[in-house]
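Observations on chain architecture
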Amino acid sequence: MEEKKFCPYCGEKLVGDVRFCGKCGKRITPLSEIAGTGGNVKNTKASWKIIGVLVLIACCIAVGIFLYTHTDNKRILGRWMQVDESGEETGNSLSFNEDGTVLSNGMEGKYEMYNGEIDIYSWTEAQTFEYEFSGNRLILTQEGIDNQSVFVKRE
Ligand SMILES: [Zn+2]
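Described in the following lines is the structure provided in the data block. (Residues numbered from 1 in each chain as written. Predicted model: local features only at pLDDT ≥ 70, side-chain atom pairs only at ≥ 80, totals over all residues. Heavy atoms only, no water.)

Bringing the coordination of the zinc ion into the picture now. Summarising the metal site, the zinc ion is bound by the protein donors Cys7 (SG), Cys10 (SG), Cys21 (SG) and Cys24 (SG), whose distances to it range over 2.1 to 2.4 Å. Each of the 4 donor atoms around the zinc ion contributes to a set of angles spanning 104 to 116°, which defines the coordination as tetrahedral. In the primary structure, the donors to the zinc ion are separated according to the pattern C-x2-C-x10-C-x2-C. Cysteine 24 sits in the partly exposed class, given a relative accessible area of 36%. (Donors = N, O, S within 2.8 Å, 3.2 Å for Na, K, Ca; no water. Tetrahedral: all angles 85-135°; square planar, octahedral: opposite > 155°, others 65-115°. Buried < 20%, exposed > 50% of the residue type's maximum accessible area, 1.4 Å probe, protein only.)

In structure tokens form, the structure reads like this:
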């Protein structure tokens, strides 16, 4: 049975697989072509939108991590004095410099910060601490030991 088709512009009955309407002369696009190309164009556009959004999210995360770590790297610079629970200075000090060196009680070493942790290499021994800023205080917690050292900033 032959499928009955009509011109979408003037409603004229179309016979066979014609490309143009015999009455109004408009181009007749087969339904299969419309569905095919139209669908593909839509899918491609949607894919690019998704890729665009993902790239944007990735950029935001990268910038966020950069700003977060960069802020900490700046914040730790300077001289910190260790204080005990009553706020009295213990005499221990840490001075962090921009070039990655640290003075630990006057002894020079190096330090590295990453993901909330800081490695301090001094006296040929490396120690890893979790660090946290709280107001003008720097709290270092040594890994594996339930021991917090609290430092107060002294420029
Ligand atoms: Zn027509």
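So, about the environment of glutamate 89. Examined against the element boundaries, glutamate 89 turns out to sit in strand S4 (residues 89-96). The class of glutamate 89 is partly exposed, set by a relative accessible area of 40%. The spacing of glutamate 89 and valine 150 is 61 residues in sequence and 9.8 Å in space, taken between C-alpha atoms. Leave out the neighbours within four places in its chain, and glutamate 89 touches Met81, Gln82, Val83 and Arg154. A polar contact is formed between the side chain of glutamate 89 and the side chain of arginine 154, at a distance of 2.9 Å. (Helix = DSSP H or I, 4+ residues; strand = E, 2+ residues; numbered from the N terminus. Contact = heavy atoms within 4.5 Å. Polar contact = N/O pair within 3.5 Å; in protein donor to acceptor, adjacent residues only side chain to side chain.)

Throughout the structure, instances matching the rule amount to 3 aromatic pairs. With 6.2 Å between their ring centres and 40° between their planes, tryptophan 80 and phenylalanine 133 make a pair best called tilted. In this pair, tryptophan 80 is assigned in strand S3 (residues 78-83) and phenylalanine 133 in strand S8 (residues 125-134), connecting sequence segments 53 residues apart. Taken as a pair, tryptophan 80 and phenylalanine 133 share a single burial class, namely buried. A ring pair is formed by phenylalanine 96 and tyrosine 111, whose centres lie 4.8 Å apart and whose planes are at 80°; its orientation type is edge-to-face. Separated by 15 residues along the polypeptide, phenylalanine 96 in strand S4 and tyrosine 111 in strand S6 (residues 107-114) bring together distant segments of the chain. Judged on exposure class, the residue phenylalanine 96 and its partner tyrosine 111 are both buried. Joined through ring pairs, the aromatic side chains of Trp80, Tyr131 and Phe133 make up one cluster. (Phe/Tyr/Trp six-rings, centres within 6.5 Å; stacked < 30°, edge-to-face > 60°.)

This paragraph deals with the sheet that holds S4. The strand order around the closed barrel formed by 8 strands is S3-S4-S5-S6-S7-S8-S9-S10, and the pairing between neighbours is antiparallel. Neighbour to neighbour, the strand axes of the sheet diverge by 35° on average, direction disregarded. (Pairing = 2+ DSSP bridges. Axes fitted to C-alpha atoms, helices over the stretch in contact; angles between N-to-C directions.)

Let us now look at the pattern of salt bridges. Applying the stated criterion across every chain, the model contains 3 salt bridges. Residue aspartate 17 is joined to lysine 5 by a salt bridge in which the shortest nitrogen-to-oxygen separation is 3.6 Å. Residue aspartate 17 is located in the loop between strand S2 (13-14) and helix H1 (31-75), and its partner lysine 5 is located in strand S1 (residues 5-6); the two are separated by 12 residues in the primary sequence. The class for lysine 5 is partly exposed, based on a relative accessible area of 28%. The salt bridge involving glutamate 98 is made with lysine 74; its shortest N-O contact spans 3.1 Å. In this pair, glutamate 98 sits in the loop between S4 and strand S5 (101-104) while lysine 74 sits in helix H1, placing the two residues 24 residues apart along the sequence. Lysine 74 gets classed as partly exposed once you look at its relative accessible area, which sits at 45%. (Salt bridge = Lys/Arg side-chain N within 4 Å of Asp/Glu carboxyl O.)

By themselves, these observations are geometric and do not establish any function.
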